[in-house]
Amino acid sequence: MQRTQSTFNRIMDIFTHFLLLNVIWLVCCLPVFTIFPATTAMFAVVRQWQQKGMESGVFQNYIDKFKENFRKSFVIGLLWQAGGVILYFDASILLNYSFPGSSFLFGMTMFGAILYGLIMPNLFFMLVNYELKILDVMKNALLLSISRILHTLSYAIIFAAGLAIVYYFPFSLLIIGSLLAFIMYHIFDKLIIQIGMQTKNET
């Protein structure tokens, strides 16, 4: 009975950690322009969980990571949004105007849009694992996404599954973000061990 109760308490403790992290993340995403820093902080927390265990905490841990990574992740977020706007307007123009080579350009734009979406998880992994300049973060995320395309596609599948779960079970929005971040980071962590990439030390 005591063992069962201990197991139940452990499960509830894990659930509470994921729930709290997810709620803090959602709140910090509300201003919209802070989505990138907020998501970077969430990945930084799950990174620390996987390295040191959940005993490292949630709230203060998240706030510290948010402040630590804010400037770099905010600038990358702005660049990323600018790229998305450019892709959107390019696609809109190519859909509404026909000229020689427009079909080819539209296909290239769609390819760019797909790559644009697929690279995003690796941006967060680079931000929380390496001390890199902004352009190096983006370059390395692109190279890793292309060279390890199966892992990149697995992130997309996990994200799509998360969207489907939220669609059918809207209440899961309260925990799905942190859960997906944990799963995707776990896959990335196995990858960097496999290929021998050294990450920064966690303080």
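This section reports on the structure supplied with the text. (Residues numbered from 1 in each chain as written. Predicted model: local features only at pLDDT ≥ 70, side-chain atom pairs only at ≥ 80, totals over all residues. Heavy atoms only, no water.)

On the surface, a cluster of nonpolar side chains totalling about 970 Å² of accessible area is made up of Val-85, Tyr-88, Phe-89, Ile-93, Tyr-97, Phe-99, Phe-104, Leu-105 and Met-108. Mapped onto the secondary structure, Tyr-88 falls in helix α3 (residues 59-96). Look at Tyr-88 and you get exposed, because its relative accessible area is 55%. (Patch = residues over 30% accessible without salt bridge, like charges linked within 9 Å, V, L, I, M, F, W, Y side chains within 5 Å. Areas by Shrake-Rupley, 256 points an atom, 1.4 Å probe, with all protein chains shown as cover. Salt bridge = Lys/Arg side-chain N within 4 Å of Asp/Glu carboxyl O. Helix = DSSP H or I, 4+ residues; strand = E, 2+ residues; numbered from the N terminus. Buried < 20%, exposed > 50% of the residue type's maximum accessible area, 1.4 Å probe, protein only.)

Another point: helix α6 (residues 149-168). Taking 1.5 Å as the rise per residue, α6 with 20 residues should run 28 Å; its terminal C-alpha atoms sit 29 Å apart, in good agreement. For α6, the set of buried residues is Thr-152, Tyr-155, Ile-158 and Gly-162. End-on view of α6: buried residues confined to an arc of 120°, all on one side of the axis. Opposite the buried face of α6, by more than 90 degrees, sit the exposed residues Leu-150, Ile-157, Tyr-167 and Tyr-168. Those residues of α6 that are buried lie in contact with α4 (102-129), α5 (134-147) and α7 (176-195). (Expected span 1.5 Å × (residues − 1). Arc of directions from axis to C-beta. Contact = heavy atoms within 4.5 Å.)

Moving on to the nonpolar core. Residues Leu-21, Phe-43, Trp-49, Tyr-62, Leu-123 and Phe-188 are the most contacted members of the largest nonpolar core, which totals 46 residues. Broken down by secondary-structure element, the contributors of at least two residues to this core are α1 (2-29), α2 (35-52), α3, α4, α5, α6 and α7. With nine residues, α2 is the single largest residue contributor to this core. When neighbours within four sequence positions are excluded, Leu-123 is seen to be in contact with Phe-36, Ile-76, Trp-80, Val-137, Met-138 and Ala-141. (Core = buried A, V, L, I, M, F, W, Y, C linked by side-chain atoms within 4.5 Å.)

A complete count under the given rule lists 17 aromatic pairs for this structure. Here Phe-36 and Phe-124 contribute two aromatic rings whose centre-to-centre distance is 4.8 Å and whose plane-to-plane angle is 40°, an arrangement assigned as tilted. Within this pair, whereas Phe-36 is found in helix α2, its partner Phe-124 is found in helix α4, the two being separated by 88 residues in sequence. With a relative accessible area of 7%, Phe-36 lands in the buried category. Residue Phe-124 is classed as buried on the basis of its relative accessible area, which comes to 5%. Summarising the aromatic geometry, the rings of Tyr-167 and Tyr-168 are spaced 5.1 Å apart at their centres and angled 90° between planes, so their arrangement reads as edge-to-face. By relative accessible area, which is 65% here, Tyr-167 ends up exposed. Residue classification places Tyr-168 among the exposed residues on the basis of a relative accessible area of 61%. (Phe/Tyr/Trp six-rings, centres within 6.5 Å; stacked < 30°, edge-to-face > 60°.)

On to the pattern of salt bridges, then. One pass over the full model with this rule turns up three salt bridges. For the salt bridge of Lys-65 with Glu-68, the shortest nitrogen-to-oxygen distance reads 3.8 Å. Of the two residues, Lys-65 and Glu-68 are both situated in helix α3; the distance of three residues between them amounts to about one turn of the helix.

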